[in-house]
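Coordinate analysis (summary)
Single-letter residue listing:
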Amino acid sequence: MQTWASLAALAVLLVVFSVLSPQFRTVGNLQQIVDAAAVLAVLATGITFVLLLGAIDLSIPGVVGACAMTVSLLVANSRTGLDLGLLGVALTVALGAAFGLLSGVVSSRLRIPTFMTTLGISAIGLGVATILFAGRRPVVLDESLSAWATGRVAGFSVLSLVAIAAVAVGWAVQRWTRIGRHAVAIGGAEDIVALSGVRVARYKTLAFAVAGAFYGLGAVMVTARLGSGVVEAGAGLDFAAITAAVIGGTLLSGGRGGVLQSMIGVVVLTVLANGLILAGVSPYVQQAVQGVVVVVAVAAATWPVRHRLGVVK
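Anyway, here's the lowdown on the structure attached to this text.

Ranked by size, the top nonpolar core spans 78 residues in total, and within it Trp 148 and Met 221 carry the most contacts. For Met 221, the residues in contact, after removing those within four places along its chain, are Ala 38, Val 39, Val 42, Trp 148, Leu 159, Val 162 and Ala 163.

Right, here's the structure in full:
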């Protein structure tokens, strides 16, 4: 029901903004919407694996910041003599996975609440990013990485194609691997899964690592778009990714939803932001509207299963 409700909300938004702004209906604006959704789609794909566990991940700002600075220093840039190209991109994705692995190990082995663990990892990431920044912003000179943002295929940026490929990989991992299947099961009934012999801590840790890899790729995409390494590249993206996943039907309580459902939320959020801009709505009002949307979405998502939630804190 949540998925169908999200699709219905998307249809309503498309109709309303098409009436309010003729520019909204143009092909060029459709391309802008897809391009604008690229980074958020990748981050939402990653955080979906954590939410399916019934956990939360607030590490995106720090992980993205650290990875953004890392990739900007590994590819051809204005500060170092390195020019690792795609290897630098791969190493950055691996760094994101390492951050996620650390989050998973600390939270599952030490049994620390994930919101606190990932908040600490975010602080570590921001510290690493600040050290790498060293008072000088590195400008990306790698033409192949810059082409991710400037190159276009059929009117869409290469970033959009990268995002589509990443989402496809995320869906495949969720659908066809033990990591994805066990994440759903753990979020639905962790105690039963543990009694059935599944190593819950291992798969929790792996789910966080998968999420971190997607955060690393998202950082590469942000850096390609900005053209330089920025410490605050991930600021606010954790809220946007969680909001998109929840709007699409991935429950905060875990066990329900998935990558494709989260993508519905990504499209809803992007269309909403695009339509409000074209309608001339103030940026401050836009933030308020998005806040209302997430509260309503969470309420709608948890209403059918409210009897299972027990004590809510």
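This brings us to the packing of helix α2 (residues 27-52) against helix α7 (residues 158-176). Relative orientation of the contacting elements α2 and α7 amounts to 20°, with a least axis distance of 8 Å. Classified by the angle their axes make, α2 and α7 are roughly parallel. Considering how the two elements wind past one another, α2 and α7 form a crossing that is left-handed. Listed contacts from α7 to Val 34, Asp 35, Ala 38, Ala 41, Val 42, Thr 45, Phe 49 and Leu 52 of α2 are Leu 159, Ser 160, Ala 163, Ala 166, Val 167, Gly 170, Val 173 and Gln 174. Classifying every residue of the contact of α2 with α7 by side-chain character gives 11 nonpolar, 4 polar and 1 charged.

Take the packing of aromatic side chains next. Taken as a whole and assessed by the stated rule, the structure comprises 2 aromatic pairs. Residues Phe 17 and Phe 24 carry aromatic rings whose centres are separated by 5.7 Å and whose planes lie at 50° to one another, so their mutual orientation is tilted. Phe 24 carries the same exposure label as Phe 17, and that label is buried. Between Phe 49 and Phe 214, the aromatic rings sit 6.4 Å apart at their centres with planes inclined by 15°, giving stacked as the arrangement. Here Phe 49 is found in helix α2, whereas its partner Phe 214 is found in helix α9 (residues 200-226), with 165 residues between them in sequence. No difference in accessibility class separates Phe 49 from Phe 214, as the two residues are buried. Cation over ring: Arg 175 sits above Trp 176, and NZ or CZ is 4.4 Å from the ring centre.

Moving on, we get to the pattern of salt bridges. Inspection of every chain in the model, using the stated rule, returns 2 salt bridges. For Asp 35, the salt bridge goes to Arg 152, with nearest N and O atoms at 2.6 Å. Taken together, the residues Asp 35 in helix α2 and Arg 152 in strand β1 (residues 152-153) connect sequence positions 117 residues apart. Judged by its relative accessible area of 12%, Asp 35 is buried. For the salt bridge of Glu 190 with Lys 204, the shortest nitrogen-to-oxygen distance reads 3.1 Å. Of this pair, Glu 190 sits in helix α8 (residues 178-195) while Lys 204 is found in helix α9, placing the two residues 14 residues apart along the sequence.

Turning our attention to the side chain of Asn 77. Looking at where Asn 77 falls in the secondary structure, it is placed in the loop between α3 (60-74) and α4 (86-109). On the basis of relative accessibility, which here comes to 6%, the residue Asn 77 falls in the buried class. A distance of 3.1 Å separates the side chain of Asn 77 from the backbone oxygen of Leu 73, its partner in a polar contact. Within the local environment of Asn 77, its side chain forms a polar contact with the backbone nitrogen of Thr 80, the two atoms lying 2.7 Å apart. Apart from residues no more than four positions distant in its own chain, Asn 77 is found in contact with Ser 72, Leu 82, Pro 138, Val 139 and Leu 141.

Analysis parameters
- Residues numbered from 1 in each chain as written.
- Predicted model: local features only at pLDDT ≥ 70, side-chain atom pairs only at ≥ 80, totals over all residues.
- Heavy atoms only, no water.
- Core = buried A, V, L, I, M, F, W, Y, C linked by side-chain atoms within 4.5 Å.
- Buried < 20%, exposed > 50% of the residue type's maximum accessible area, 1.4 Å probe, protein only.
- Contact = heavy atoms within 4.5 Å.
- Axes fitted to C-alpha atoms, helices over the stretch in contact; angles between N-to-C directions.
- Helix = DSSP H or I, 4+ residues; strand = E, 2+ residues; numbered from the N terminus.
- Parallel < 35°, antiparallel > 145°, perpendicular 65-115°, else oblique.
- Left-handed = near helix turned anticlockwise from the far one by under 90°.
- Nonpolar A, V, L, I, M, F, W, Y, C, P; charged D, E, K, R; others polar.
- Phe/Tyr/Trp six-rings, centres within 6.5 Å; stacked < 30°, edge-to-face > 60°.
- Lys NZ or Arg CZ within 6 Å of the ring centre and 35° of its normal.
- Salt bridge = Lys/Arg side-chain N within 4 Å of Asp/Glu carboxyl O.
- Polar contact = N/O pair within 3.5 Å; in protein donor to acceptor, adjacent residues only side chain to side chain.

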